[in-house]
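# Geometric and topological summary
In case you want the letters, here they are:
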Amino acid sequence: MQDHDVQPSGLTRRRVLGGMGIASLALMSSPALAQQTVDLHVPGGPSTRIITTSYPQKGRMIVQRSSPPWLETPFEVFDKGVFTPNDQHYVSWHWANFPSDIDVDSFRLAVRGQVNQTLSLSLQDILQGLPRFDIAAVNECAGASRIDAVPRVAGAQWANGAMSNALWTGVRLKDVLERAGVKPGAIQVRFGGLDEPVMPGAPKFLKSLTVDHARDGEVMIAFAMNGEQLPLLNGFPLRLVVPGWCGVYWVKMLNDIEVLDQPDANYWTATGYRVPDTPHNFVKPGETGYKMVPVTRNAPRSFITNIRDGDSVSAGTPASARGIAFGGDCGVARLDLSIDGGKSWQPTQLGDDQGKYGFRQWQTQFTLPARGARALMVRCTNTKNEAQPDFPIWNPAGYLFNTIETTHVVAA
Amino acid sequence: MLRTVLPVVAVLGLVLLASSGQAAAITKLKSLKLNVPTSDTMFPAGPGSDAINNNCIACHSADHVLNQPSLSRGAWQEVVNKMITDYKAPISADDAKAIVDYLVRAKGAS
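Cut-offs and rules
Residues numbered from 1 in each chain as written. Chains lettered and ligands numbered in written order. Predicted model: local features only at pLDDT ≥ 70, side-chain atom pairs only at ≥ 80, totals over all residues. Helix = DSSP H or I, 4+ residues; strand = E, 2+ residues; numbered from the N terminus. Rg over C-alpha atoms; globule rule 2.2 N^0.38 Å. Buried ≥ 20, exposed ≤ 12 C-beta atoms within 10 Å, placed from the backbone. Contact = placed C-beta atoms within 7 Å. Core = buried A, V, L, I, M, F, W, Y, C linked by C-beta atoms within 7 Å. Pairing = 2+ DSSP bridges. Domains from an automatic or database assignment. Nonpolar A, V, L, I, M, F, W, Y, C, P; charged D, E, K, R; others polar. Arc of directions from axis to C-beta. Axes fitted to C-alpha atoms, helices over the stretch in contact; angles between N-to-C directions.

Right, let's talk about the overall build of chain A for a bit. Counting its secondary structure elements, chain A contains five helices and 28 strands. Taken over C-alpha atoms, the radius of gyration comes to 22 Å for chain A, in line with the 22 Å a tight globule of 412 residues would show. The dimensions of chain A, computed from C-alpha atoms along their principal axes, are 70 × 50 × 45 Å. Burial status across chain A gives 50% buried among its 412 residues. Considering only residue pairs separated by 6 or more positions, chain A has 67% of its internal contacts joining residues 24 or more positions apart.

Glancing now at the nonpolar core. In a soluble, globular protein the nonpolar side chains are often hidden away together inside. All names here are of chain A. W168, M220, I221, A222, L240 and V241 are the most contacted members of the largest nonpolar core, which has 132 residues in total. With six residues, the top contributor of residues to this core is strand β14 (residues 220–225). Those residues in contact with W168, other than ones at most four positions away along the chain, are D134, I135, A137, M220, A222, M225 and V241.

Okay, the sheet that holds strand β4 (residues 61–65) of chain A next. Spatially, the five strands line up as an open sheet ordered β2-β3-β4-β5-β6 (chain A), and their pairing is antiparallel. In the strand order of this sheet, the two ends are held by β2 (37–39) and β6 (91–92) of chain A, each with one partner.

Further remarks concern the domain arrangement of chain A. Quoted interface sizes are often the accessible area lost when the parts come together. Residue and element names in this part refer to chain A. Assigned domains of chain A: these are domain 1 (17–92), domain 2 (108–271) and domain 3 (301–411). Summarising the inter-unit geometry, the C-alpha centres of domain 1 and domain 2 are found 27 Å apart. Counting residues at the interface gives 24 residues for domain 1 and 23 residues for domain 2. Counting only elements with at least two residues in the side of domain 1 that touches domain 2, the list comes to β4, β5 (70–72) and β6. For the side of domain 1 that touches domain 2, the element with the most residues is β4, which contributes three residues.

Listed as interface residues are 53 residues of chain A and, on the opposing side, 47 residues of chain B. Within the residue set of the side of chain A that touches chain B, elements represented by two or more residues are β4, β7 (101–102), α2 (123–129), β11 (163–172), β14, β22 (319–326) and β26 (360–366) of chain A. Residue contributions to the side of chain A that touches chain B peak at three residues, all from β4 of chain A. Across the side of chain A that touches chain B, the residue classes break down as 26 nonpolar, 19 polar and eight charged. Here β7 of chain A pairs with strand β1 (residues 32–33) of chain B via two bridges, running antiparallel. If you follow I102 of chain A over to β1 of chain B, its bridge partner there is L32 of chain B.

Glancing now at helix α2 (residues 49–56) of chain B. All names here are of chain B. Where α2 is concerned, the buried positions are A51, I52, N55 and C56. Down the axis of α2, the buried side of the element spans an arc of 95 degrees, and every buried residue falls inside it. Looking at the buried positions of α2, the neighbouring elements they touch are α3 (62–66) and α5 (93–107).

A few words on the sheet that holds strand β9 (residues 119–122) of chain A. Residue and element names in this part refer to chain A. Strands sit in the order β9-β8-β17-β12-β13 across an open sheet of five strands; the sheet is mixed. Both edges of this open sheet fall to β9 and β13 (206–210), since each of them pairs with a single strand only. With direction set aside, neighbouring strand axes in the sheet form an average angle of 20 degrees. Looking at chain direction, strand β12 (residues 188–193) and β13 are connected through five bridges and run antiparallel. Following the sheet pairing, Q188 is matched in β13 by T210.

Structure follows, in structure tokens:
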């Protein structure tokens, strides 16, 4: 987790978390009142969030909501490696009522509904009785970067840290369904976890996939991430991994799989998490007359991770830029950099391919020709030839924002 | 300049290999008994703060609301309606009005 020892010449890295400077001083001089903060630099505010280390199995995280926890990955983490460390993998829960005490011997995963044989699988059944596989995949919240919506919209005010990449280990959902025997006429598979709503009558958090998707051989019941069991807040002991699809489908503390022969009518599948059925899910504020559809796959995104807004870069001297990209529900074909605010683009070198659903690192060198304010931009084009849009994505719930990111620097 | 990037790639390669090896080796999970923090922070006092404290923080902490942007009365009304209709928050009509008024005062936008 240590930072790079060698500072790229020509770059004056802003002090770690520029907005923290004063808070850190306060921490040192007055521990009792200490509260580290980060400035998310959002026009209109509120811009400041508390940094916490008080959640179990979690390191430094940005508090978007204390309970149920919405903990954002601090952005500097993405510059340190292609896999997000488990203790800084972002956290998002819908309901506050989930257990903090889980006994691995009594835990069972039910497989029921339109199956030939109802199953009640122990963790040993899953770890010992089925073939396992690994897959690198980004878990990104559908509402990631909602803080960038203009005009602003209600919801978790995530900045760019509601995404994390891990090497997941688990068993194929397909194999588990085969063991139970899916009956003809089944159309969907619904997933539930140990979390429960606080208020009676409120909709339990459930999500469904089509039977075909559930049996595609990639959807995983994961018991490990980055070689370790899942942190409680990331879904211990089992979570669904739906590679390429939004995090809302990755049901945590998974203990119930129900095969359905009717369309899932529960709130979270039938009503919640809707976007306009338009190109890039984009509409104008106030626009009407479009169809709403569920969020499904992730959209391509990319970020510069070693240069932050407000940094200064030497003019006339080569500087290095690096970062991460992901293709959404497919791989990264190319990553281009613009140093002139999007007028022209130059290719960058992609790092090792860890799997098409994971982060892909990239790096390049560039030279800013003259002094003054400059806008650096990166654009991911995925293997389906879909590029990030250059206009601000907006929809009523602030989902699937993937506009090209701009980093404002000063060439000095 | 390239030197600053290359060592990182090398280290990552090792991490990946180590992770794969460890993942394949996991044969048993370990039970967890942890404490997940909650929040007892109340909304800033003012007209309607009793209504918002009594009705909202059972399901989510106050920072959920305090971190929201400034929104119009119509947008706040929609939020409160969603809590009642979709998430079954048992909020009386009088309290719902007091909560919307509080939100408009605290986090309003024209």
